[in-house]
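The lines below spell out each chain.
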There are 2 protein chains.
Amino acid sequence: MKTKLSIIKIGGNVIDDENKLEKFLSDFSSIKNAKILIHGGGKIATEICNKLNITTTMNQGRRITSTENLEVITMVYAGLINKKIVSKLQGNGCNALGLSGADANCIQALKRSTQPVDYGWVGDIQTINNTAINLFLENGIIPVFCAVSHDGNGQLLNTNADTIAAEISISLSELYEVELIYFFEHKGVLTNMADKNSFIPEINNEKYETLIQQKTIKDGMLPKLENGFYALNNKVKRVVIGNQIEGISPINCTSLIL
Amino acid sequence: MKTKLSIIKIGGNVIDDENKLEKFLSDFSSIKNAKILIHGGGKIATEICNKLNITTTMNQGRRITSTENLEVITMVYAGLINKKIVSKLQGNGCNALGLSGADANCIQALKRSTQPVDYGWVGDIQTINNTAINLFLENGIIPVFCAVSHDGNGQLLNTNADTIAAEISISLSELYEVELIYFFEHKGVLTNMADKNSFIPEINNEKYETLIQQKTIKDGMLPKLENGFYALNNKVKRVVIGNQIEGISPINCTSLIL
């Protein structure tokens, strides 16, 4: 039987709130089985860009990663946020190791084609180095990934943290029984945005399609669900979308099921 | 017999010059034995501080690390510079892993006493985790350290890169035959600053004292020599101060001898 591995992704709602972050990192440290943390960037990168007068170009609501943007992302995600999280985890007795995808060649990506839209320095994941990640895990070292990958030829790339979480979960499912938890601002997929308790406990592939058609799932939720089902369809054992306030292995949440 | 380990420290003269950095990283990648890279910060942190309107307070010519300074240092050293170096090394086929002292608890430090001078978030090294560093080396992973440590209680600290290089060299000398190379702007300790070829080939403890008295060694050179002799007096096999243009294992350089 495979050993359990918890892979948890946190975003801005935790990173940008000092108290929530402390609480989450304390909960994360208490997980007894093998674990990996993946974090997004929060608002800090945008704030630093503003202070440095770096403009962010958007295309159809999606951010273009210019050279200047990539530099700030590398500073803030791989530097400021990643090392802050790692040092706090160390303070909790959790032997964390902060990683970008370039480190130990953990995540190799391909720069996205400039056609039809040039998103700049954005990378789509090609390879997860599960040998390196497993070496860390087997030695009690807890990987903490930021949303930066590399192309293997010396170029760093901006890569979506939800996708990194899904791809690492799939790759590590070769070796572990993986549970993938996406923490975000709600308890799960809400049927009624005005009611924070209206989360749907379980969503299967069929219901997922219906919810998209009904426009219950839209905007930011779409890629999360897409990545979640992609993981579930590729041997990840459990995929959950919820809020960290409900505990590190939440029951009040949305579980994706096949 | 112990295996050879080369520990190389680079500073601003390499980091701030794109061409020199490319050349150095290519040379570093070609080293066949075990190796570790330690890098300082260069001018970028100061530039970012200026752009962000963060003032740097000095005391007797030495920088005070305020909370804002530490944030920029963490961004620039552990983020921008470290990941740039790691991705470029990966591009050269060198399986680099970027590390702050907090990562895998590699470098634990103690915040310096606020008496007689409060230097802010500066840490003096207490423990090097040579078990973790050796785990990486034994698995063909090349550690790349920036000049950031932590106190083990959740606080990152600014720590001198020359000292990090010396302490890691001493700690790893338990397991390896260590050569420590400090690369900087000159070929070695110069007897005449106007003559770039006037480097002293060998300096022993006695000559070191004389050179200090004669003020041939002063300012920025002092801590480098101090760290170098400290390493040499603590089982590091070879300590060299030179310029990377002379090759990755320079002959035209200053060797410290007992």
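One structure accompanies this document, and this report is about it. (Residues numbered from 1 in each chain as written. Chains lettered and ligands numbered in written order. Predicted model: local features only at pLDDT ≥ 70, side-chain atom pairs only at ≥ 80, totals over all residues. Heavy atoms only, no water.)

As a further point, take the overall build of chain A. What chain A contains, in helices and strands, is eight helices and 14 strands. Computed over C-alpha atoms, the radius of gyration of chain A comes to 18 Å, within 12% of the 18 Å expected from 2.2 N^0.38 for 258 residues, which places it in the range of a compact globule. Expressed as lengths along the three principal axes of its C-alpha atoms, the size of chain A is roughly 45 × 40 × 35 Å. If you sum the accessible surface of chain A, you get close to 11000 Å²; carbon and sulfur atoms cover 47% of it. For chain A, the distance from the average site of its 25 positive side-chain charges to the average site of its 26 negative ones is 4 Å. (Helix = DSSP H or I, 4+ residues; strand = E, 2+ residues; numbered from the N terminus. Rg over C-alpha atoms; globule rule 2.2 N^0.38 Å. Areas by Shrake-Rupley, 256 points an atom, 1.4 Å probe, with all protein chains shown as cover. Lys, Arg positive; Asp, Glu negative; His and termini not counted. Charge placed at Lys NZ, Arg CZ, Asp CG, Glu CD.)

What follows is about the packing of aromatic side chains. Geometrically, a pair of aromatic rings is defined through the distance of the ring centres and the angle of the planes. The final tally for this structure, using the stated rule, is seven aromatic pairs over all chains. Measuring from centroid to centroid gives 6.0 Å for Phe 24 of chain B and Phe 183 of chain B, while their planes differ by 75 degrees, and the two rings are edge-to-face. Taken together, the positions of Phe 24 of chain B in helix H2 (residues 18-29) and Phe 183 of chain B in strand S11 (residues 176-183) put the pair 159 residues apart, joining distant regions of the chain. For the pair formed by Phe 24 of chain B and Phe 183 of chain B, the shared burial category is buried. Through successive ring pairs, a cluster of aromatic residues spans Phe 24, Phe 28 and Phe 183 of chain A. Looking at Lys 111 of chain B, its charged tip hangs above the ring of Trp 121 of chain B, at a distance of 5.3 Å from the centre. (Phe/Tyr/Trp six-rings, centres within 6.5 Å; stacked < 30°, edge-to-face > 60°. Buried < 20%, exposed > 50% of the residue type's maximum accessible area, 1.4 Å probe, protein only. Lys NZ or Arg CZ within 6 Å of the ring centre and 35° of its normal.)

Okay, the pattern of salt bridges next. Residues and elements named next belong to chain A. Taken as a whole and assessed by the stated rule, the structure comprises 22 salt bridges over all chains. Lys 23 serves as the salt-bridge partner of Asp 27, at 2.7 Å between the closest nitrogen and oxygen. With Asp 27 and Lys 23 both in helix H2 (residues 18-29) and four residues apart, the pair spans about one turn of that helix. Shared partners join several salt bridges into a network, and the residues in it are Glu 18, Glu 22, Lys 84 and Lys 88. (Salt bridge = Lys/Arg side-chain N within 4 Å of Asp/Glu carboxyl O.)

With that settled, consider empty space enclosed by the protein. Residues and elements named next belong to chain B. If you walk through the whole model with that rule in mind, you get one cavity of 30 Å³ or more. The computed volume of the largest cavity comes to approximately 50 Å³. Together, Ala 45, Thr 46, Cys 49, Thr 56, Arg 63, Asn 69 and Ile 73 line the largest cavity. Counting residues per element, the ones that place at least two in the lining of the largest cavity are helix H3 (44-51) and helix H4 (67-91). Among the elements that make up the lining of the largest cavity, the one with the highest residue count is H3 (three residues). (1 Å grid on protein atoms, 1.4 Å probe; cavity = no way out; pocket = protein on both sides within 12 Å on 5 of 7 lines; lining within 4 Å. Points joined across faces, edges and corners; volume = space filled by probe spheres on them.)

Turning next to the interface of chain B and chain A. With 36 residues of chain B in contact, the opposing surface of chain A contributes 36 residues. For the chain B and chain A pair, buried surface summed over both sides reaches about 2700 Å², with 72% attributable to carbon and sulfur atoms. Remark: the boundary between chain B and chain A carries two salt bridges. The partner of Asp 103 of chain A in a salt bridge is Lys 83 of chain B, with the nearest N and O atoms 2.9 Å apart. Summed over the shared surface of chain B and chain A, the number is ten residue pairs in polar contact (both at pLDDT 80 or more). Elements that contribute at least two residues to the side of chain B that touches chain A include exactly H3, H4, strand S5 (96-99) and helix H5 (130-138) of chain B. For the side of chain B that touches chain A, the leading source of residues is H4 of chain B, giving 14 residues. (Contact = heavy atoms within 4.5 Å. Buried area = accessible area lost by both parts, 1.4 Å probe. Polar contact = N/O pair within 3.5 Å; in protein donor to acceptor, adjacent residues only side chain to side chain.)

Residue and element names in this part refer to chain A. Interaxial distance between helix H7 (residues 205-213) and helix H8 (residues 221-232) falls to 12 Å at its minimum, and their mutual angle equals 165 degrees. One way to sum up the angle between H7 and H8 is to call them roughly antiparallel. Crossing handedness for the pair H7 and H8: left-handed. Between H7 and H8, the residues in contact are Asn 205, Tyr 208 and Ile 212 and Leu 222, Leu 225, Glu 226 and Phe 229, respectively. For the contact of H7 with H8, the class distribution of residues is five nonpolar, one polar and one charged. (Axes fitted to C-alpha atoms, helices over the stretch in contact; angles between N-to-C directions. Parallel < 35°, antiparallel > 145°, perpendicular 65-115°, else oblique. Left-handed = near helix turned anticlockwise from the far one by under 90°. Nonpolar A, V, L, I, M, F, W, Y, C, P; charged D, E, K, R; others polar.)

Let us now look at unusual backbone geometry. Of note, the amide linkage connecting Gln 115 of chain A to Pro 116 of chain A takes the cis form, showing an omega dihedral of -5 degrees. Structurally, Pro 116 of chain A is set in the loop between strand S6 (107-111) and strand S7 (123-128). Positioned with a positive phi, Lys 235 of chain A is a non-glycine residue whose angle comes to about 80 degrees. In this fold, Lys 235 of chain A is placed in the loop between H8 and strand S13 (238-242). Within the chain, Asn 105 of chain B stands out as a residue other than glycine whose phi angle is a positive 55 degrees. With respect to the helices and strands, the residue Asn 105 of chain B is situated in the loop between S5 and strand S6 (107-111).

All right, on to the relation of the copies chain B and chain A then. The two copies are related by a screw motion: chain B maps onto chain A through a turn of 180 degrees and a shift of 0.0 Å along the axis, at an RMSD of 0.0 Å. Both copies are brought into coincidence by an operation consistent with a two-fold rotation axis. Minimal C-alpha separation from the rotation axis in chain B is found for Gly 79 of chain B, amounting to 1.8 Å. Take the interface residues of chain B: 100% of them recur as interface residues in chain A, which is what a same-surface contact looks like. (Least-squares fit on C-alpha atoms with pLDDT ≥ 70 in both.)

All names here are of chain B. Its place among the elements puts Ile 81 in helix H4. Put simply, Ile 81 and Cys 146 are 65 residues apart on the chain and 8.3 Å apart in space, counted from C-alpha to C-alpha. If we skip the residues at most four places from it in the chain, Ile 81 touches Ile 15, His 39, Gly 40, Gly 41, Ile 44 and Val 76.

Residue and element names in this part refer to chain B. Taking 1.5 Å as the rise per residue, H2 with twelve residues should run 16 Å; its terminal C-alpha atoms sit 16 Å apart, in good agreement. Within H2, burial applies to Leu 21, Phe 24, Leu 25, Asp 27, Phe 28 and Ser 29. The N-terminus of H2 is capped by Asp 17, whose side-chain oxygen sits 3.1 Å from the backbone nitrogen of Asn 19. (Expected span 1.5 Å × (residues − 1).)

Moving on: the sheet that holds strand S14 (residues 254-257) of chain A. Residues and elements named next belong to chain A. Taken together, the eight strands give an open sheet; going across it, the order is S5-S8-S2-S1-S11-S13-S14-S12, and neighbouring strands pair in mixed fashion. Two strands in the sheet have a free side with no partner beyond their single neighbour: strand S5 (96-99) and strand S12 (202-204). Put simply, the sheet's adjacent strands are angled 20 degrees from each other on average, direction ignored. Alignment of S12 against S14, held across three bridges, turns out to be parallel. Within the sheet, the bridge partner assigned to Ile 203 lies in S14 and is Leu 256. Against the sheet, H2 makes contact with strand S1 (3-10), strand S2 (34-39), strand S8 (142-145) and strand S11 (176-183), and its axis sits at roughly 155 degrees relative to S2, the strand it touches most. (Pairing = 2+ DSSP bridges.)

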